[in-house]
Amino acid sequence: MTYLVTGATGTVGSQIVQQLLKRGHSVRALTRNPETAAFPAGVDVVQGDLTDPASLAPALAGVTGLHLITFGGPYFADLETGPQILELARAAGVRRVTVLHGGGPTPLETAVRESDFVWTVVMPVEFMSNALSWADSIRKDDEVREPFVNRLSAMVHESDIGAVAAVALSEDGHAGGEYVVTGPQALTVEDKTRALAAARGKPIRLVELTEDEALAQWRAAGQPDEVIDFLLMVYRDTPAVGRTVVDTVERVTGRPPRSFDEWAKEHADEFRG
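A short tour of the structure in this document, coming up. (Residues numbered from 1 in each chain as written. Predicted model: local features only at pLDDT ≥ 70, side-chain atom pairs only at ≥ 80, totals over all residues. Heavy atoms only, no water.)

### Points about the sheet that holds strand E8 (residues 177–181)
Note the threshold: DSSP calls a pair of strands paired once it identifies at least 2 bridges connecting them. Only runs of H or I of at least four residues qualify as helices and only runs of E of at least two qualify as strands under DSSP, and these elements are numbered from the N terminus. Helix axes use the C-alpha atoms of the stretch in contact, all axes being lines fitted to C-alpha atoms, and the angles between their N-to-C directions lie in the range 0 to 180 degrees. Residues count as neighbours in contact if any of their non-hydrogen atoms are within 4.5 Å of one another.
Pairing is parallel across the open sheet formed by seven strands, whose spatial order is E3-E2-E1-E4-E5-E6-E8. Every interior strand has two partners, whereas the edge strands, strand E3 (44–47) and E8, have only one. For this sheet the average axis-to-axis angle between neighbouring strands, irrespective of direction, equals 20°. Direction of pairing for strand E1 (residues 2–5) relative to strand E4 (residues 63–68): parallel, over a ladder of four bridges. Paired with tyrosine 3 across the two strands is glycine 65, which belongs to E4. Where helix H1 (residues 11–22) meets the sheet, its contacts fall on E1, strand E2 (26–31), E4 and strand E5 (96–100), and the angle it forms with E1 comes to roughly 165°. Those strands touched by helix H6 (residues 158–170) are E1, E4, E5, strand E6 (118–124) and E8, and its axis lies near 160° from that of E5.

Here it is in C-alpha cells:
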C-alpha cells in the first residue's frame, strides 16, 4: 500500500511522512519543488500543486491513502479545488483520506466530509514548534516578549500530530473521526519560557507586552491584519478546545503525548546564542 502526503515539507506533513515510514509503509511525498525538498531515504518524492488538480494525477497512481491540507498559496489561503482533487483520488482508487483541520470550516474539508471516502479530520491545537518564533529574541537578548502571558495552551508536539494522522490513514477504525490532538499539559507563556531556559541552560527573561505593544511588534514583523486579528482573539480569550487536555494521542497511538519539556530539549540548540 502506498500513502500520498500533501503538504509534505510542512511542519505536520514531514512528521506524517516519517511516522508512516516508521510503520513500514510505502510513502509518496508531494511538493511543488522536488529538487529542493529533503526527505528520508525511501520516500518517493513527486511534483504537484494542490491548486492545480491535474498535476496530481500521476502522484495518485496506486495510492491507497491520501493526506490533505486545506490551504494553498500565500497566507494559508483556502483551497478551492477540493472537489476536483477528490474526483481524481476516487478515480485512482484511493480509499482513505485524512485532513489537517485548518482552524475553521474550509471548502476542502467540507468536500471530504460530504464524500464517500473513509475520512478522518485531524484537529491539532497550538504546535509546540510555534515556540521557534521566539528563537531570535532568546538567542540575541535572552528574552521573550509576549502579551497575555497567563493564557493557557495545551500545545502539542508536531510528531504526535503526525503519529495520529499516520494511524488514522493506515489503520481501520477511524472512519468519521474528528480527532482533537493536544499535548499532556496546559501551559502558560511563563511555563514555556521556564522549560526553554532549563533546556538551553541559561535564564530567559519574560517581558509582558501591552496589547498596543504587541500590535506594534506584530506589524513591524509584517504580519497581515487577518493574522493579527486571529492572534488577538485566541490570546485574549483562548477557546476551551485550545487549553483543554484530551487523550487522543494515547487513545489512537497507544502511547502518551510528548511534553513541552521534551520538545525544548530536542530544540535546545536553536535557542542558544
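### Concerning the packing of H1 against H6
For clarity, the cut-off: Angles are sorted into four bins: roughly parallel if under 35 degrees, roughly antiparallel if over 145, roughly perpendicular if 65 to 115, and oblique for all others. Each crossing gets its handedness from the near helix: less than a right angle anticlockwise from the far helix is left-handed, clockwise is right-handed. When residue character is reported, Ala, Val, Leu, Ile, Met, Phe, Trp, Tyr, Cys and Pro are called nonpolar, Asp, Glu, Lys and Arg charged, and the others, Gly included, polar.
Taken N-terminus to C-terminus, the directions of H1 and H6 make an angle of 55°; their axes are 8 Å apart at the nearest point. Relative to H6, the element H1 is oriented oblique. H1 and H6 meet at a crossing whose hand is right-handed. Facing Thr11, Val12, Gln15, Ile16, Gln19 and Leu20 of H1, the residues of H6 in contact are Glu158, Ser159, Ile161, Gly162, Ala163, Ala165, Ala166, Leu169 and Ser170. Looking at the contact of H1 with H6 residue by residue, the class counts come to eight nonpolar, six polar and one charged.

### Focus on helix H8 (residues 211–220)
Selection rule: Note on exposure labels: buried denotes an accessible area under 20% of the residue type's maximum, exposed denotes more than 50%, and partly exposed covers the range between, all computed with a 1.4 Å probe on protein chains only. The arc in question is formed by the directions pointing from the helix axis toward the C-beta atoms.
By the burial criterion, the buried members of H8 are Ala214, Leu215 and Trp218. Around the axis of H8, the buried residues are gathered within 100° of arc, so they sit on the same side. Exposed side chains of H8 directed beyond 90 degrees from the buried face belong to Asp212 and Ala220. Each element contacted by the buried residues of H8 is listed here: strand E7 (143–147), strand E9 (205–209) and helix H9 (225–236). Just past H8, the residue glycine 222 takes up positive phi, approximately 85°.

### Re the pattern of salt bridges
Put simply, the rule reads: The rule for a salt bridge is simple: a side-chain nitrogen of Lys or Arg has to be within 4 Å of a carboxyl oxygen of Asp or Glu.
Applying the stated criterion across every chain, the model contains 21 salt bridges. Two residues, arginine 90 and aspartate 116, come together in a salt bridge whose shortest N-O distance is 3.1 Å. Of the two residues, arginine 90 is situated in helix H3 (residues 82–92) and aspartate 116 in the loop between helix H4 (107–113) and E6; the sequence distance between them amounts to 26 residues. Linking arginine 205 and glutamate 143 is a salt bridge whose minimum nitrogen-to-oxygen distance equals 3.5 Å. In this pair, arginine 205 sits in strand E9 while glutamate 143 sits in strand E7, placing the two residues 62 residues apart along the sequence. By relative accessible area, arginine 205 is classed as partly exposed at 46%. What makes glutamate 143 buried here is its relative accessible area of 13%. Taken together, the salt bridges that share partners define one network made up of Glu109, Arg113 and Glu178.

### Let's talk about the pairing of E5
Counted only if it meets this: Call a crossover right-handed when, viewed with both strands pointing away from you, the route from the first strand across the helix to the second goes clockwise.
Counting buried residues in E5 gives five out of five residues, a clear majority hidden from the surface. Residue alternation in E5 divides its side chains into two sets, Arg96, Thr98 and Leu100 and Val97 and Val99, and both sets are buried. One ladder, built from four bridges, connects E4 with E5; its direction is parallel. Opposite glycine 65, over in E5, you have arginine 96 as the bridge partner. The pairing of E5 with E6 spans five bridges and is classified as parallel. Opposite threonine 98, over in E6, you have threonine 120 as the bridge partner. Note on the crossover from E5 through H4 to E6: the handedness is right-handed.

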